[in-house]
Amino acid sequence: MEIHIEETWKAALNAEFEKKYFQTLAKHVRAAYLQKRIFPAPKDVFNAFTHCPYNNVKVVILGQDPYHGPGQAHGLSFSVPGGTRIPPSLRNIFKEIQNDLGHKPPRIGNLMRWADQGVLLLNSTLTVEQGNAGSHQTIGWETFTDAVIETLSDNKQHLVFMLWGRFAQEKGKKIDYTKHLVLQAPHPSPLSAHNGFFGCKHFSKANRYLSKYGLEPIEW
């Protein structure tokens, strides 16, 4: 089966695409697109990989599900296309960046500029049914994205992983903490941001770590 994913990722994950679970996952997702309204658009499912090739990854930010409302999801965790209202969690991310680094919050929520600098904005589940959060959990995406995380952890050094909330922290348990910087905080949702996300200073910590190892910091 032909998988349309960026070439360096295709090489890194080639064995994964041949596994039975992924073949089953692909059939399920293809059928879902034919029967229901699924987000993001098919061309954007692997958008996080398109804009952040395997060889360029410096930071990984883990999300859970794509947004399940029209016009929101475009394949990058926490990100929305320009012209779309900025979701509450992303507003809180921008607030923390302002508090941490002094950057004025942007007016658009498209994080493609982060991805193009080496930030992999990875959701655990890459597709979702309209209006039905979590609808494509347990069909195989989590196994695939676990493999993405393990591939990065095992084969690279000095990456920064940002794990916000219990779900991301559970998913990040297999990261090798001796080779990478793993930053944990509560989720930026309005329900939990005041419990420790605000003030976590993950963005300045990430940039100091990257600079320490001779890598270009991220323009957040």
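What you see is a predicted model; the values in this text were computed from it and never measured.

**Quick word on the sheet that holds strand S3 (residues 119-123)**
- The strand order across the open sheet formed by four strands is S3-S2-S5-S6, and the pairing between neighbours is parallel. Both outer strands of the open sheet, S3 and strand S6 (181-185), are each paired with one neighbouring strand and no more. Each neighbouring strand pair of the sheet contributes to a mean axis angle of 20°, computed without reference to strand direction.
- Where strand S2 (residues 59-63) and strand S5 (residues 160-164) come together, three bridges link them in parallel fashion. Within S5, the residue paired with valine 60 across the bridge is phenylalanine 161.

**Concerning the packing of aromatic side chains**
- Inspection of every chain in the model, using the stated rule, returns 20 aromatic pairs.
- Ring geometry for phenylalanine 46 versus tryptophan 141: centroids 6.1 Å apart, planes at 75°, classification edge-to-face. Taken as a pair, phenylalanine 46 in the loop between strand S1 (38-39) and helix H4 (47-51) and tryptophan 141 in helix H7 (residues 141-155) lie far apart in primary sequence, 95 residues in all.
- Owing to a relative accessible area of 3%, tryptophan 141 belongs among the buried residues under this scheme.
- Ring geometry for phenylalanine 49 versus phenylalanine 144: centroids 6.2 Å apart, planes at 55°, classification tilted. Of this pair, phenylalanine 49 sits in helix H4 while phenylalanine 144 is found in helix H7, placing the two residues 95 residues apart along the sequence.
- Among the aromatic side chains, those forming a connected cluster through ring pairs are Trp9, Phe17, Tyr21, Phe22, Phe46, Phe49, Tyr54, Trp141 and Phe144.
- Its guanidinium or amino end placed over the ring of tyrosine 54, lysine 156 lies 4.5 Å from that ring's centre, counting from NZ or CZ.

**Thoughts on the environment of valine 160**
- Mapped onto the elements of the fold, valine 160 is located in strand S5.
- Here the alpha-carbon distance between valine 160 and tyrosine 21, two residues 139 residues apart in the chain, equals 29 Å.
- Ignoring any residue separated from it by four or fewer positions in sequence, one finds valine 160 in contact with Lys58, Val59, Val60, Leu181, Leu183, Ala206, Tyr209 and Leu210.

**Focus: helix H5 (residues 88-101)**
- Between its first and last C-alpha, H5 extends 20 Å over 14 residues, near the 20 Å set by a 1.5 Å rise per residue.
- Turning to H5, its buried residues number three or more, namely Ser89, Leu90, Asn92, Ile93, Phe94, Glu96, Ile97 and Asp100.
- Tucked into the core, H5 has its buried residues touching helix H6 (112-115), S5 and helix H9 (202-212).
- Among the residues trailing H5, glycine 102 stands out with phi positive, at a value near 80°.

**Things to note about the pattern of salt bridges**
- All told, the structure shown has six salt bridges when counted by the stated rule.
- Glutamate 150 is paired through a salt bridge with lysine 174; the nearest N and O atoms lie 3.5 Å apart. Note that glutamate 150 is positioned in helix H7 and lysine 174 in the loop between helix H8 (166-171) and S6, a separation of 24 residues in sequence.
- Owing to a relative accessible area of 28%, glutamate 150 belongs among the partly exposed residues under this scheme.
- Assessed through its relative accessible area of 59%, lysine 174 is described here as exposed.

**Here we look at the environment of leucine 210**
- Residue position: leucine 210 is located in helix H9.
- Linking leucine 210 and tryptophan 114, residues 96 residues apart in sequence, is a C-alpha distance of 14 Å.
- Contact partners of leucine 210, with chain neighbours within four places excluded, come to Lys58, Val59, His158, Val160, Leu215, Glu216, Pro217 and Ile218.

**A closer look at H9**
- Buried within H9 are the following residues: His202, Phe203, Ser204, Ala206, Asn207, Tyr209 and Leu210.
- The elements touched by buried residues of H9 are S2, H5, H6, S5 and S6.
- Residue glycine 214 follows H9 closely and has a positive phi angle near 75°.

Parameters at a glance
- Residues numbered from 1 in each chain as written.
- Predicted model: local features only at pLDDT ≥ 70, side-chain atom pairs only at ≥ 80, totals over all residues.
- Heavy atoms only, no water.
- Pairing = 2+ DSSP bridges.
- Helix = DSSP H or I, 4+ residues; strand = E, 2+ residues; numbered from the N terminus.
- Axes fitted to C-alpha atoms, helices over the stretch in contact; angles between N-to-C directions.
- Phe/Tyr/Trp six-rings, centres within 6.5 Å; stacked < 30°, edge-to-face > 60°.
- Buried < 20%, exposed > 50% of the residue type's maximum accessible area, 1.4 Å probe, protein only.
- Lys NZ or Arg CZ within 6 Å of the ring centre and 35° of its normal.
- Contact = heavy atoms within 4.5 Å.
- Expected span 1.5 Å × (residues − 1).
- Salt bridge = Lys/Arg side-chain N within 4 Å of Asp/Glu carboxyl O.

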